[in-house]
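Per-entry structural report
These are the residues of each chain, in order.
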Amino acid sequence: MQYYSTNNKNNLVTFRDAVLKGIAEDGGLFLPVEIKTFSNEFFKYISSLSFQAIAFEVARRFIEEEIPEKDLKILINETLTFPAPIVPLNENIYVLELFHGPTLAFKDFGARFMAKTLSYFLRNEDKEVLILVATSGDTGSAVANGFYNVEGIKVVLLYPSGKVSKIQEQQLTTLYGNITALEIDGTFDDCQKLVKQAFADKELNKIKNLTSANSINIARLIPQSFYYFNAYAQLKNKDKEVIFSVPSGNLGNLTGGLLAYKMGLPVAKYIGACNANNVLPHYISSGEFIAEPSVKTISNAMDVGNPSNFARVVSLFQNDYNLIKKVLFSQSYSDDETRKAMSEINKRYGYVIDPHGAVGYLALNEYLNTHPGNYHSIILETAHPAKFSDEVEKVTGKTVQMPDRLKVSLEKPKHSIKLSKDFDDFKLFLQEFK
Ligand SMILES: *Cc1c(COP(=O)(O)O)cnc(C)c1O
């Protein structure tokens with residue numbers, strides 16, 4: 001399958017190159033030249049298929065013969081080792097729980113699939129691949145977990161010392177094995193700068209096979225469409241129109257949904273639910289895209305002022321604002337509204353939701369109030385409430401049960417290497433790294 005750059009439709013690469021490059025040389029993001037659709041027939045029997053079988057059907061339309069079917073099946077089975085169930089709040093509203101993976105957030109789907117895909121394409125290289133990742137918390141742990149024990153690959157994670165939460169730090173520093181955590185005496189921006197400098201350093205690149213695990217990699221996006229199909233498959237009767245509400249920051253999760261839509265998944269509306277960072281709602285209401293500095297909120301994984309996947313969203317709809325508006329609804333909510341929603345969902349449905357999912361609930365409610373109809377509504381719950389237990393417990397008065405896989409990483413001793421934010425120190429570390 002060929003992929004084009006959102007900056008130039010004539011700049012074409014293979015799927016393999018799109019994965020290895022991450023971002024196009026012209027700075028654009030990769031999208032498939034052709035989106036292969038499903039027949040109506042497929043949606044009649046989709047409910048009889050397993051999550052893995054559905055994912056295989058979706059993935060093969062993006063990858064075609066670049067990964068043979070037999071290998072793709074193995075890759076998917078190794079990625080999807082946990083479920084993505086829909087849990088009903090009432091007869092019309094469901095929560096799609098995307099937090100059953102190792103780091104308790106939906107990013108596990110993308111990170112794991114990308115790790116296995118990279119490892120597949122690099123399987124015959126004799127040099128070991130070194131992945132460098134700068135992280136402010138969540139992404140790093142999902143990526144590290146995705147690459148954990150993947151053959152031929154080592155990961156060096158850089159995180160800002162004292163600037164990630166206790167839970168995040170434990171998740172970053174307790175894997176060991178092929179994962180090394182560097183605790184940088186600086187900010188997230190310093191970490192990112194070190195990684196960029198390393199990629200640009202000729203000497204380093206001569207002795208090390210450096211690769212990025214960039215969040216805009218197409219291999220992180222594709223698996224984020226699997227669970228939309230699988231959620232649809234779980235609906236007992238498919239007699240009503242379907243709406244998805246997606247808590248959004250960089251719009252990667254939403255783009256996964258829009259790809260599913262383009263492949264023919266019968267969805268009436270996608271809702272881009274945002275916190276105070278309201279670039280998408282502003283675009284939907286005005287047609288203007290204005291990047292803003294990000295604002296800190298309690299749904300912090302959505303604190304994004306310049307959503308990186310926006311270029312993909314508009315490209316999927318031929319840059320036609322009116323087409324986008326037909327499919328997308330978007331609204332922004334404050335932290336106070338988010339807290340109120342967490343409390344309301346708990347009181348009304350006995351369900352404990354995290355702050356990100358609560359933003360999804362608010363936007364869904366607003367849509368349902370202004371567009372009455374008969375729908376199956378599905379809210380994507382992007383993180384486990386235990387990851388945000390302080391907020392959740394304060395608002396609901398309930399103790400959040402910590403899943404065992406999180407408890408285990410909280411109990412393990414932390415392993416990190418402290419480094420300054422000086423590039424020479426980082427370079428020396430990499431030169432000597434084995
Ligand atoms: C990353 C993240 C989001 C935002 O997803 P995007 O793909 O960046 O829009 C929402 N919720 C949680 C918990 C996340 O980790």
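The paragraphs below set out a description of the structure included in this document.

Procedures and definitions
- Residues numbered from 1 in each chain as written.
- Predicted model: local features only at pLDDT ≥ 70, side-chain atom pairs only at ≥ 80, totals over all residues.
- Heavy atoms only, no water.
- Near = heavy atom within 4 Å.
- Polar contact = N/O pair within 3.5 Å; in protein donor to acceptor, adjacent residues only side chain to side chain.
- Areas by Shrake-Rupley, 256 points an atom, 1.4 Å probe, with all protein chains shown as cover.
- Nonpolar A, V, L, I, M, F, W, Y, C, P; charged D, E, K, R; others polar.
- Helix = DSSP H or I, 4+ residues; strand = E, 2+ residues; numbered from the N terminus.
- Contact = heavy atoms within 4.5 Å.
- Salt bridge = Lys/Arg side-chain N within 4 Å of Asp/Glu carboxyl O.
- Buried < 20%, exposed > 50% of the residue type's maximum accessible area, 1.4 Å probe, protein only.
- Axes fitted to C-alpha atoms, helices over the stretch in contact; angles between N-to-C directions.
- Parallel < 35°, antiparallel > 145°, perpendicular 65-115°, else oblique.
- Left-handed = near helix turned anticlockwise from the far one by under 90°.
- Phe/Tyr/Trp six-rings, centres within 6.5 Å; stacked < 30°, edge-to-face > 60°.
- Lys NZ or Arg CZ within 6 Å of the ring centre and 35° of its normal.

1. Considerations on the site of the ligand
Close to the ligand lie 14 residues, the nearest being Lys107, Gly249, Asn250, Leu251 and Thr382. Contacts to the ligand include Gly249, whose backbone N or O atom sits 2.7 Å from an oxygen atom. Between the ligand and Leu251 there is a distance of 2.8 Å, counted from an oxygen atom to a backbone nitrogen or oxygen. Computed on the free molecule, the ligand has an accessible area of 390 Å², of which 95% lies beneath the protein chains in the complex. A class-by-class count of the residues in the shell around the ligand yields 6 nonpolar, 7 polar and 1 charged.

2. Examining the side chain of Glu183
Looking at where Glu183 falls in the secondary structure, it is placed in strand β8 (residues 179-184). Engagement of the side chain of Glu183 in a polar contact is seen with the side chain of Ser161, the distance being 2.8 Å. Among the polar contacts made by the side chain of Glu183, one reaches the side chain of Ser416 at a distance of 2.7 Å. Setting aside residues no more than four positions away along its own chain, Glu183 makes contact with Tyr159, Ser161, Glu169, Lys414, Ser416, Ile417, Lys418 and Leu419.

3. Points about the pattern of salt bridges
A side chain with one charge can pair with a side chain of the opposite charge if their charged atoms come near. Counted under the stated rule, the structure contains 18 salt bridges. Taking the shortest distance from any N to any O, the salt bridge between Glu128 and Lys154 comes out at 3.5 Å. A residue pair is termed long-range when its members are at least 10 positions apart, and Glu128 in the loop between α5 (107-121) and β6 (129-134) and Lys154 in strand β7 (residues 153-160) qualify at 26 residues. By relative accessible area, Glu128 is classed as partly exposed at 42%. A salt bridge links Glu169 to Lys414; the nearest nitrogen and oxygen atoms lie 3.0 Å apart. Placement of Glu169 in helix α7 (residues 166-173) and of Lys414 in the loop between α19 (404-411) and β14 (417-419) is noted, with a sequence separation of 245 residues between them. A relative accessible area of 14% means that Glu169 is categorised as buried. Judged by relative accessible area, which is 37%, Lys414 ranks as partly exposed. Sharing partners across several salt bridges, the network here consists of Glu57, Arg60, Arg61 and Glu69.

4. Thoughts on the packing of helix α3 (residues 51-63) against helix α11 (residues 223-234)
The N-to-C vectors of α3 and α11 enclose an angle of 135°; their axes lie 9 Å apart at closest approach. By the criterion of interaxial angle, the relationship of α3 to α11 is oblique. For the crossing formed where α3 meets α11, the hand is right-handed. Residues Phe51, Ile54, Ala55, Val58, Ala59 and Phe62 of α3 touch α11, and the partners they reach there are Ser225, Phe226, Tyr227, Phe229, Asn230 and Ala233. Split by residue class, the contact of α3 with α11 holds 10 nonpolar, 2 polar and no charged.

5. Here we look at the environment of Val13
Relative to the assigned elements, Val13 resides in strand β2 (residues 8-14). By relative accessible area, which is 10% here, Val13 ends up buried. Note: C-alpha distance between Val13 and Ala24 (11 residues apart in sequence) is 8.9 Å.

6. Points about the packing of aromatic side chains
What the rule picks out here adds up to 27 aromatic pairs. Taken together, a centroid distance of 6.5 Å and an interplanar angle of 35° make the contact between Tyr261 and Phe317 tilted. Residue Tyr261 is located in helix α12 (residues 252-262), and its partner Phe317 is located in the loop between α14 (310-316) and α15 (321-327); the two are separated by 56 residues in the primary sequence. You can call Phe317 buried: its relative accessible area is 3%. Judged by centre distance (6.2 Å) and plane angle (55°), the rings of Tyr367 and Tyr375 are tilted. One residue, Lys73, lies across the ring of Phe56, its end atom 4.8 Å from the ring centre. Just above the ring of Tyr232 sits the side chain of Lys238; from NZ or CZ to the centre is 5.4 Å.

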